[in-house]
Amino acid sequence: MSGTVRRSAGGSGVVRGSVKERARIALKDDFLRGAVRYTTEKLRGGRKAAALEQGRWEEWRERGRSIRLHTIAHLDYYLKQFADNARTGGAHVHFAASGADAVRITLDIARSAGARTVVKSKSMLSEEVHINEALEAAGIESVETDLGEYIIQLAGEAPSHIIIPAIHKNRAQIAELLSKEAGAQLPPDTKALAGFARRRLREKFLSADIGMTGCNFAVAETGSIVVFENEGNARMVSTVPRIHIALMGMERIVPTWEDLEVMATLLPRSATGQKLTVYMSGITGPRRDGDGDGPEEMHVIIVDNGRSLQLGDPEFQDLLHCIRCGACLNACPVYRHIGGHAYGSTYSGPIGAVLTPALNRNVAEWDDIANASSLCGACWEACPVKIPLHDMLVYLRRKKVERGRKNTWEAAAMKGFRVVMSNRKRLEAALALARIGQIPLVRDGAIRAKIGPLKGWTAYRHAPSLAARPFRASWEELRRGLAQTAAPKKAEALQKLERFARSRQPEGRDSQ
Amino acid sequence: MKVSLFITCLCDAVYPRVGEAMAKVLARCGVEAEFPAVQTCCGQPAFNSGYWPEAAASAETLLEAFHDSDFVVAPSGSCCGMIHHYYPKLFENDPEKRERAERLAEKTYEFTQFLVNVLDIEDLGAVFPHKVTYHPSCHGSRLLGVREEPMKLLSGVRGLELVPLPHAEDCCGFGGTFAVKMSDISGAMVMEKTDHVLETEAEVLTGLDMGCLMNISGHLRYRGGPVRVMHLAELLEEGMAAAERPTMAGSERLGGDRL
């Protein structure tokens with residue numbers, strides 16, 4: 001499938017071409033669209049039901065937002081507190097400024113342990129820094145153990161959804177992939193397929209030298225990492241192998257366990273509609289004396305990789321509030337039609353469209369992604385911590401224009417817009433001209449011609465023609481008739497308006 | 001009390017009948033509005049594309065047009081949303097204009113907000129014996145919070161059967177320049193929207209934003225869907241006029257003027 005994002009060793013994981021081209025491929029893929037539509041609808045329905053059942057959802061969102069706002073505003077303080085406490089608990093804490101640093105630290109740990117096999121639970125950060133490719137290049141086997149991640153690893157693809165990495169694959173496609181791995185034909189039956197994966201992965205858990213997890217939240221007050229999952233694989237990964245490495249985005253912090261409770265209320269409900277994930281593990285340091293299981297060594301790698309660029313930016317700092325629930329993807333009508341790979345990067349959907357250029361500091365190269373949104377605001381509405389992604393998309397577009405990365409025809413059109421719209425006389429003249437200009441194009445009051453800048457519109461719709469007389473031309477005539485219509489209720493309306501105007505008057509402000 | 005019409009560039013140039021309907025409904029409610037001709041456009045096409053100085057040049061015509069108005073009423077949740085949500089940001093580096101922009105936002109109302117929240121009117125006495133479905137436009141409902149107002153007005157119309165639109169809250173794919181720049185994605189979105197509209201078997205689709213309605217009706221005409229698309233102001237005006245004609249009230253003759 002040419003529209004999918006391939007994993008590439010040492011590469012940026014970025015696919016070439018424009019989002020427009022990638023979207024066109026996705027839009028022709030009925031399997032993909034059917035699979036993505038089916039699952040996102042289930043998830044967003046689940047989110048709404050769970051929010052309703054929880055009750056007072058707006059207050060929960062506001063609480064979540066305030067916790068994130070506070071934490072990110074004092075990130076330096078809480079990061080130090082977390083690192084100090086994690087070290088006290090026996091963990092090794094590393095700071096990685098870049099993705100490459102995170103990879104280097106991981107490889108150093110693996111090499112000094114003489115590791116041959118790594119088992120991984122799901123981690124978007126590991127996708128972001130392309131850890132699998134690096135491990136494999138170093139001769140170390142790396143096995144994804146989350147079922148969805150396992151499937152796309154077998155397919156050699158990148159995840160197309162933050163929560164459901166193989167959302168774009170249907171059961172038949174998955175059966176084909178797993179059959180190839182099994183060396184025998186498996187039926188396209190969920191139980192049989194999951195059964196095969198479970199048997200195969202069990203061997204890996206028991207033989208691996210290192211287990212790698214992500215980190216949904218890091219609790220500063222005790223130096224603990226918290227992992228949410230549904231399959232139990234993260235618990236295996238973090239307890240069976242001798243060494244546990246947790247990759248943690250530097251913004252994953254919450255100050256206290258009490259704050260975590262709010263996040264634990266928001267995250268699963270927003271992600272999948274679950275009240276709680278099947279497993280929620282809080283891990284503080286490696287195995288202690290008397291513990292039944294657990295690794296001998298625990299490492300936490302705290303990764304920046306572009307995150308700190310957002311600190312202090314009034315327009316983009318809120319990006320660091322994200323808790324990676326994927327609700328914005330499920331709510332997004334664009335994502336529903338084109339899937340995740342069309343976004344061309346590790347993070348897809350509305351959050352990906354903003355996060356990718358922000359983390360990479362290359363707004364200009366990523367300009368077309370910010371355009372892949374109708375700015376409908378469904379992402380903002382679904383976000384459990386109220387990140388205004390629709391606003392950020394507009395800010396990104398502005399940055400692109402300010403840095404001179406303009407589309408030529410659009411820049412010319414906007415110049416024209418300014419000339420016409422900054423003065424009513426010019427608007428009136430332009431309307432008069434356009435009414436004459438459209439004559440050859442109009443049939444039955446509509447324009448169907450697929451030419452010039454109209455093409456994008458008329459490829460899917462008829463365009464209306466300009467009115468014979470604009471509103472401004474008929475106003476005087478209309479106004480004379482309206483005075484008579486308004487007369488009977490005029491006094492009553494005036495009274496209401498005056499009362500209303502008084503009630504909205506902010507205190508201390510003059511009326512004029 | 002000076003009530004001014006912000007007609008929006010789209011209704012001015014393409015759908016003047018919507019502006020006329022709005023002015024007539026307001027007049028029937030006793031409000032004699034005025035139209036400052038200095039106004040052009042809220043600036044959204046430029047603003048959303050990242051061209052802020054161009055947007056500001058257009059937005060300034062609104063600051064000027066409505067500087068002495070007590071109320072500004074517009075037939076668009078999107079253009080009102082632009083004023084409320086983005087004008088303070090657009091003019092953030094100019095304290096004087098920012099102040100004027102904030103004042104404008106305080107007194108700007110979407111058409112149904114003005115009727116229901118300011119004038120406290122829910123029942124206009126309109127008669128419209130048709131099966132109607134309603135598309136809640138994204139900016140009106142999400143940026144401006146207009147959700148209940150149109151429902152109240154619609155439930156006050158005699159004879160009107162309101163059929164819920166499946167997945168009503170999903171964007172129709174308009175998004176201004178998005179529809180042209182990302183036309184394939186936009187096309188897929190509007191196809192899904194019109195599928196849902198046709199599923200309702202409604203005779204009329206109504207809403208509060210001509211941008212979205214232009215998109216949906218454009219695609220309906222393209223695919224040949226037999227649905228009449230009207231702004232709620234048009235529907236209410238037609239219903240109020242019908243109620244005033246005694247022989248017409250509740251009669252089937254209203255059905256004759258379907259497009």
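Residues numbered from 1 in each chain as written. Chains lettered and ligands numbered in written order. Predicted model: local features only at pLDDT ≥ 70, side-chain atom pairs only at ≥ 80, totals over all residues.

Asks: What is the right way to look at the overall build of chain B in this model?
Replies: Helices and strands together make up the secondary structure of chain B, namely 13 helices and seven strands. Taking 259 residues into account, the globule formula puts the C-alpha radius of gyration at 18 Å, and chain B, at 18 Å, falls close to it. Across its three principal axes, chain B shows a C-alpha extent of roughly 55 × 45 × 30 Å. By the burial criterion, 65% of the 259 residues in chain B qualify as buried. Long-range pairs, those at least 24 residues apart, make up 78% of the contacts in chain B between residues at least 6 apart in sequence. (Helix = DSSP H or I, 4+ residues; strand = E, 2+ residues; numbered from the N terminus. Rg over C-alpha atoms; globule rule 2.2 N^0.38 Å. Buried ≥ 20, exposed ≤ 12 C-beta atoms within 10 Å, placed from the backbone. Contact = placed C-beta atoms within 7 Å.)

Asks: Hey, could you run me through the nonpolar core in this one?
Replies: Nonpolar side chains tend to gather and get buried jointly when the protein is soluble and globular. Counting residues in each nonpolar core, the largest one holds 239 residues, and the members touching the most others are Leu 247, Met 248, Val 303, Cys 328 and Val 354 of chain A together with Val 73 of chain B. A per-element tally of this core places helix H4 (residues 52–65) of chain B first, with eight residues. Once you skip the residues sitting within four places of it in the chain, Met 248 of chain A turns out to touch Cys 215, Ala 218, Ile 225, Val 300, Ile 301, Ile 302 and Val 303 of chain A. (Core = buried A, V, L, I, M, F, W, Y, C linked by C-beta atoms within 7 Å.)

Asks: Can you walk me through the pairing of strand S2 (residues 117–120) of chain A in this structure?
Replies: Each regular strand shows side chains that alternate between the opposite faces of the sheet. Residue and element names in this part refer to chain A. As paired elements, S2 and strand S3 (residues 141–144) share four bridges and run parallel to each other. Across the sheet, residue Thr 117 finds its bridge partner in S3, namely Glu 141. In terms of strand pairing, S2 meets strand S4 (residues 210–213) through three bridges, oriented parallel. For Val 118, the partnering residue across the bridge sits in S4 and is Ile 210. (Pairing = 2+ DSSP bridges.)

Asks: Quick question: what am I supposed to make of helix H2 (residues 30–54) of chain A here?
Replies: Helical geometry: 3.6 residues make up each α-helical turn, so side chains three or four residues apart lie on a common side. Residue and element names in this part refer to chain A. Under the 1.5 Å per step criterion, the end-to-end length of H2 is 36 Å for 25 residues, consistent within 8% with the ideal 36 Å. Looking at H2, one finds that the buried residues are Leu 32, Ala 35, Val 36, Thr 40, Leu 43, Arg 44, Arg 47 and Ala 51. Structurally, H2 contributes buried residues whose contacts are with helix H1 (19–27), helix H3 (57–73), helix H12 (257–271), helix H13 (327–331), helix H14 (333–338) and helix H17 (378–382). Remark: Gly 55 follows H2 within two positions and exhibits a positive phi of approximately 80°. (Expected span 1.5 Å × (residues − 1).)

Asks: Looking at this structure, how should I read the domain arrangement of chain A?
Replies: Often, the extent of an interface is quoted as the loss of accessible area upon association of its parts. In terms of domain boundaries, chain A breaks down into domain 1 (78–307), domain 2 (408–464) and domain 3 (475–504). For domain 1 of chain A versus domain 2 of chain A, the separation of C-alpha centres amounts to 53 Å. (Domains from an automatic or database assignment.)

Asks: Is there a simple way to think about the sheet that holds strand S6 (residues 204–207) of chain B in this case?
Replies: Strand pairing in a sheet is mediated by backbone hydrogen bonds. Such pairs are either parallel or antiparallel. All names here are of chain B. Pairing in this open sheet of four strands is parallel, and the strands run S5-S4-S6-S7 from one edge to the other. Strands at the two margins of the open sheet, each flanked by one partner only, are strand S5 (161–163) and strand S7 (228–231). Neighbour to neighbour, the strand axes of the sheet diverge by 35° on average, direction disregarded. The pairing of strand S4 (residues 131–134) with S6 spans three bridges and is classified as parallel. Paired with Thr 133 across the strands is Leu 205, a residue of S6. In the packing of helix H12 (residues 210–223) onto the sheet, contacts are made with S6 and S7, and the angle to S7 comes to roughly 175°. (Axes fitted to C-alpha atoms, helices over the stretch in contact; angles between N-to-C directions.)

Asks: Would you mind showing me how to read the domain arrangement of chain B here?
Replies: Residues and elements named next belong to chain B. Per the domain assignment, the segments of chain B are domain 1 (3–118) and domain 2 (131–257). On a C-alpha basis, the centroid separation for the pair domain 1 and domain 2 is 22 Å. Of all the secondary-structure elements, those providing two or more residues to the side of domain 1 that touches domain 2 are helix H1 (9–13), helix H2 (16–28), helix H3 (44–49), helix H5 (77–90) and helix H7 (111–118).

Asks: Where do I start with the pairing of S6 of chain B in this structure?
Replies: Burial along S6 of chain B is two-sided: Val 204 and Thr 206 of chain B facing one way and Leu 205 and Gly 207 of chain B facing the other are all buried. In this fold, S6 of chain B hands off to H12 of chain B, which returns the chain to S7 of chain B; that crossover is right-handed. (Right-handed = clockwise from strand over helix to strand, strands pointing away.)

Asks: Help me understand the sheet that holds strand S6 (residues 224–229) of chain A in this model?
Replies: Residue and element names in this part refer to chain A. One open sheet accounts for four strands, arranged S8-S5-S6-S9; its pairing is mixed. With partners counted over all chains shown, the strands left at the sheet margins are strand S8 (253–254) and strand S9 (279–283), one partner each. Of the pairings in the sheet, the one linking strand S5 (residues 217–219) to S6 comprises three bridges and is antiparallel in character. Bridging from a neighbouring strand, Phe 217 pairs with Val 226 of S6.

Asks: Sorry if this is basic, but what is going on with the interface of chain B and chain A here?
Replies: Each partner contributes to the interface: chain B provides 66 residues, whereas chain A provides 64 residues. Mapped by element, the contributors of at least two residues to the side of chain B that touches chain A are H1, H2, H3, H4, helix H8 (138–143), helix H10 (178–181), helix H11 (183–199) and H12 of chain B. Per-element accounting of the side of chain B that touches chain A gives the leading share, eight residues, to H11 of chain B.

Asks: Can you walk me through the packing of H1 of chain A against H11 of chain B in this structure?
Replies: In helix packing, the relevant descriptors are the interaxial angle and the interaxial distance, both defined with respect to the helix axes. Direction vectors running N to C along H1 of chain A and H11 of chain B enclose 35°, while the axes themselves pass 9 Å from each other. On H11 of chain B, the residues touching Ala 23, Arg 24 and Leu 27 of chain A of H1 of chain A are Asp 184, Ile 185 and Ala 188 of chain B. Here the contact of H1 of chain A with H11 of chain B is built from residues that sort into four nonpolar, no polar and two charged. (Nonpolar A, V, L, I, M, F, W, Y, C, P; charged D, E, K, R; others polar.)

Asks: Would you mind showing me how to read helix H19 (residues 408–421) of chain A here?
Replies: Helix length check: H19 of chain A (14 residues) gives 20 Å between terminal C-alpha atoms against 20 Å at 1.5 Å per residue, within 8%. Among the residues of H19 of chain A, Glu 410, Met 414, Phe 417, Arg 418, Val 420 and Met 421 of chain A are the ones counted as buried.

Asks: So what exactly am I meant to see when it comes to the packing of helix H8 (residues 147–155) of chain A against helix H9 (residues 171–182) of chain A here?
Replies: All names here are of chain A. Their axes nearest at 10 Å, the elements H8 and H9 cross at an angle of 70°. With respect to their mutual orientation, H8 and H9 come out roughly perpendicular. Contacts between H8 and H9 involve Ile 151, Leu 154 and Ala 155 on the former and, on the latter, Ile 174, Leu 177 and Glu 181. Of the residues in the contact of H8 with H9, the class split is five nonpolar, no polar and one charged. (Parallel < 35°, antiparallel > 145°, perpendicular 65-115°, else oblique.)

Asks: What is the right way to read the environment of Ala 372 of chain A from this model?
Replies: Summarising the element assignment, Ala 372 of chain A is placed in the loop between helix H16 (367–370) and H17. Overall, the presence of 27 C-beta atoms within 10 Å leaves Ala 372 of chain A in the buried class. Taking the C-alpha atoms as reference, Ala 372 of chain A lies 9.2 Å from Ala 23 of chain A; in sequence the two are 349 residues apart. Sequence-distant contacts of Ala 372 of chain A, defined by excluding residues within four places in its chain, comprise Val 19, Ala 23, Val 334 and Ala 353 of chain A together with Met 182 and Ile 185 of chain B.

Asks: When you look at the confidence of the model for chain A in this model, what are you seeing that I'm missing?
Replies: Should pLDDT be low for a region, the predicted coordinates there are not to be read in detail. Residue and element names in this part refer to chain A. On average, residues of chain A score 92 in pLDDT, and 95% of them are at 70 or above. This stretch, residues 6–14, has a pLDDT under 50; its non-local contacts, to residues over four places away or in other chains, come to 22 contacts. Scored below 50 in pLDDT, residues 508–512 shows one contact in the model against residues more than four places distant or in partner chains. (pLDDT = per-residue confidence, 0-100.)

Asks: I keep staring at the environment of Arg 424 of chain A and nothing clicks. Help me out?
Replies: Structurally, Arg 424 of chain A is set in helix H20 (residues 424–437). With 18 C-beta atoms packed within 10 Å, Arg 424 of chain A lands in the partly exposed category.

Asks: In this structure, what is going on with unusual backbone geometry? I would like to understand it.
Replies: Trans peptide bonds make up most of the peptide bonds, and negative phi angles are found at most residues other than glycine. Residues and elements named next belong to chain A. With a phi angle near 50°, Asn 305 is a residue other than glycine that sits in the positive phi range. You can see Asn 305 is positioned in the loop between strand S10 (297–303) and H13. Since 20 C-beta atoms lie within 10 Å of it, Asn 305 is described here as buried.

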